[in-house]
Amino acid sequence: MKLSRRSILLGAGSLPFAVASLRTGALAQTAPTAQNAEVPPILFVHGNGEYDAVWMTTLWRMESNGVARDRMMAINFTDPLARSDDKVEQAGRSSTEDQRRELAAAIAELKRRTGAARVALVGSSRGGYAIRNVIKNGGVGDVSHAVLCGTPNHGVFATDDQPNNEFNGRGTFLRGLNEGESEVTPGTAFLTLRSDGMDKYAQADGRFIGKPGTPTGVTVEGPELTGATNLVLCALDHREVAFHPRAFRQIYKFIAGREPARIAIVPEQSVRLSGLVTGTPGGVSTNRPVAGATVDVFRVDPDTGERKGGAVHSAKTGADGRWGPAQVEPSWFLEFVLTSPDAPTTHIYRTPFPRSSDVVHLRAARPLGPADKDAGAVVIMSRPRGYLGLPRDVVLLDGKEPADVKPGVPTDSAATLRLPAAEAGRNIVAQFGEERIVARAWPASENRIAIAELTY
């Protein structure tokens with residue numbers, strides 16, 4: 001008989017969205033302290049189809065609490081999408097064993113780099129599977145803490161079909177992880193973070209996985225584990241239970257053993273940005289580098305989205321797919337122009353970067369398709385670290401709630417606006433909560449797409 005799971009509900013609080021305010025005319029910085037030397041090195045693990053850049057704001061918050069940048073690392077799985085059948089090779093997709101092997105290598109590298117005996121692991125969604133797999137299969141001595149955020153530990157569905165699908169709670173992979181009286185591996189401290197019903201992958205009805213009216217066999221408690229500390233972050237969606245400020249607080253507190261000194265991000269005086277250019281070969285998102293891509297970075301007016309002068313940085317990627325570093329000010333709104341082989345020219349608009357980052361990754365927009373054939377311009381509003389929830393959130397694209405964002409449980413991380421040719425060239429405002437981005441609607445006839453990419 002398994003131990004019972006006990007969850008603790010944590011309601012929504014009023015945490016600040018904005019970065020830390022300026023003090024006495026200078027940008028505040030936080031240096032590592034002796035106290036923070038006790039915090040083990042931390043390795044962050046992204047979810048299905050994602051990349052390490054999703055942890056950018058979490059890394060900034062850690063740094064703002066004195067955790068040294070070189071004691072943290074975020075893995076970038078080569079092929080982040082799961083296979084349909086874990087046992088059958090699938091182009092551009094990874095098996096559970098692929099992810100276990102890559103994560104084990106990343107743990108070894110972080111230990112080598114820091115000299116630490118053990119590290120802490122923090123995973124979002126599918127990333128929690130890799131964490132549990134590596135710990136259960138020989139890695140417990142390397143891992144002091146494991147934090148699983150929105151990980152569907154009992155499946156996105158639990159049925160007798162698709163036994164080799166890793167997201168099947170009755171499948172071979174998850175049954176292997178969950179067997180035994182306790183569902184966690186002794187010797188590592190486990191924390192799970194889940195939603196109270198706003199997670200689209202922890203639903204009793206199959207409508208969010210394309211099977212409306214069909215029972216999934218899982219519940220909102222699916223991410224919990226017997227033997228772990230299980231916390232419920234009320235009103236947060238599948239991604240937010242990893243990347244929201246309230247999630248950061250619980251992650252930090254569990255690993256460090258104390259409250260963070262601050263939740264807000266402390267700006268740096270000097271900001272350097274760099275990252276990786278990746279693509280979607282065959283329509284599959286990968287983290288494989290793209291060579292021969294051009295990246296131009298412009299400073300833009302926050303009210304109009306118009307460029308303020310020439311490019312502040314221009315680069316062409318080599319075999320490693322890396323661009324940068326670009327030197328910018330922490331108050332600048334930016335436009336990244338990505339010209340990548342066999343892809344539309346992609347104009348990515350971003351709010352200011354308060355701190356430096358080497359995970360400012362750029363992935364070319366998907367090709368213009370049948371739905372865009374009559375559009376004079378296409379503008380996408382994207383939220384990588386959460387979903388667009390209506391009526392939960394303030395979500396406005398060109399002054400209106402997007403028609404393609406469904407109300408209720410947040411399920412959509414992007415909204416698309418298509419404009420007639422006569423409106424190509426005008427400016428479009430994307431608003432989510434307090435974050436506001438102004439993008440230009442570039443002509444689709446020139447094979448261009450604009451993306452207003454939210455940071456928070």
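Rules used throughout
Residues numbered from 1 in each chain as written. Predicted model: local features only at pLDDT ≥ 70, side-chain atom pairs only at ≥ 80, totals over all residues. Heavy atoms only, no water. Phe/Tyr/Trp six-rings, centres within 6.5 Å; stacked < 30°, edge-to-face > 60°. Helix = DSSP H or I, 4+ residues; strand = E, 2+ residues; numbered from the N terminus. Buried < 20%, exposed > 50% of the residue type's maximum accessible area, 1.4 Å probe, protein only. Lys NZ or Arg CZ within 6 Å of the ring centre and 35° of its normal. 1 Å grid on protein atoms, 1.4 Å probe; cavity = no way out; pocket = protein on both sides within 12 Å on 5 of 7 lines; lining within 4 Å. Points joined across faces, edges and corners; volume = space filled by probe spheres on them. Nonpolar A, V, L, I, M, F, W, Y, C, P; charged D, E, K, R; others polar. Salt bridge = Lys/Arg side-chain N within 4 Å of Asp/Glu carboxyl O. Pairing = 2+ DSSP bridges. Axes fitted to C-alpha atoms, helices over the stretch in contact; angles between N-to-C directions. Polar contact = N/O pair within 3.5 Å; in protein donor to acceptor, adjacent residues only side chain to side chain. Contact = heavy atoms within 4.5 Å.

**Here's the deal with the packing of aromatic side chains**
Per the counting criterion, the structure on display carries eight aromatic pairs. With a centroid separation of 6.2 Å and an interplanar angle of 90°, the aromatic rings of W60 and F353 are classed as edge-to-face. Separated by 293 residues along the polypeptide, W60 in helix α1 (residues 56-64) and F353 in the loop between β15 (345-350) and β16 (362-363) bring together distant segments of the chain. Grouping residues by exposure puts W60 and F353 together as buried. Geometrically, the ring pair formed by Y129 and F167 is tilted, given 5.7 Å between the ring centres and 40° between the ring planes. With Y129 in helix α3 (residues 127-139) and F167 in the loop between β5 (143-149) and α4 (172-178), this residue pair connects regions lying 38 residues apart in the sequence. Ring-pair connections join several aromatic residues into one group, and the members of that group are W60, W323, F336 and F353. The lysine or arginine in question, R440, covers the ring of W442, its NZ or CZ lying 3.9 Å from the ring centre.

**Focus on empty space enclosed by the protein**
Enumeration over the complete set of coordinates arrives at two cavities of 30 Å³ or more. If you trace the largest cavity, you find it lined by V300, D301, P302, F333, L334, Y349, R350, I437 and V438. Of all elements in the fold, only β14 (333-339), β15 and β21 (435-440) reach the threshold of two or more residues within the lining of the largest cavity. Among the residues making up the lining of the largest cavity, the classes are represented as seven nonpolar, no polar and two charged. Counted as a void, the second largest cavity has a volume near 30 Å³. Contributions of two or more residues to the lining of the second largest cavity are made by α2 (96-114) and α3.

**Points about the pattern of salt bridges**
A full pass over the atoms with the stated rule returns 30 salt bridges. Linking R100 and E97 is a salt bridge whose minimum nitrogen-to-oxygen distance equals 2.8 Å. Of this pair, R100 and E97 both sit in helix α2, three residues apart, which is roughly one turn of the helix. For E97, a relative accessible area of 36% translates into the label partly exposed. One salt bridge connects R426 with E423, and the closest N-O pair in it is separated by 2.6 Å. You can call R426 partly exposed: its relative accessible area is 29%.

**A look at the sheet that holds strand β20 (residues 427-432)**
With antiparallel pairing, three strands are arranged side by side in an open sheet as β18-β20-β21. The sheet is open, and its two edges are formed by β18 (395-397) and β21, each paired on a single side. Taking the axes of each pair of neighbouring strands and ignoring which way they run, one obtains an average angle of 15° across the sheet.

**Looking at the side chain of S285**
Within the secondary structure layout, S285 lies in the loop between β10 (271-278) and β11 (294-300). Within the structure, S285 has its side chain in polar contact with the side chain of R363 (distance 3.5 Å). When neighbours within four sequence positions are excluded, S285 is seen to be in contact with G49, P80, L81, G279, T280 and R363.

**Section: the environment of I265**
You can see I265 is positioned in the loop between α6 (245-256) and β10. Taking relative accessible area as the criterion, I265 reaches 1% and is therefore assigned buried. Remark: the alpha-carbon pair of I265 and L59, spanning 206 residues in sequence, is separated by 9.6 Å.

**A few points about unusual backbone geometry**
The residue after G324, namely P325, is reached through a cis peptide bond having omega 5°. Residue placement: P325 occurs in strand β13 (residues 322-328). In this model, L390 is joined to P391 through a cis peptide bond whose omega is 5°. By the element assignment, P391 lies in the loop between β17 (377-382) and β18. We note that S125 has phi near 50°; this positive angle belongs to a residue other than glycine. In this structure, S125 sits in the loop between β4 (119-124) and α3. Assessed through its relative accessible area of 11%, S125 is described here as buried. Even without glycine at this site, D342 takes up a positive phi of about 60°. Tracing the chain through its elements places D342 in the loop between β14 and β15. Owing to a relative accessible area of 82%, D342 belongs among the exposed residues under this scheme.

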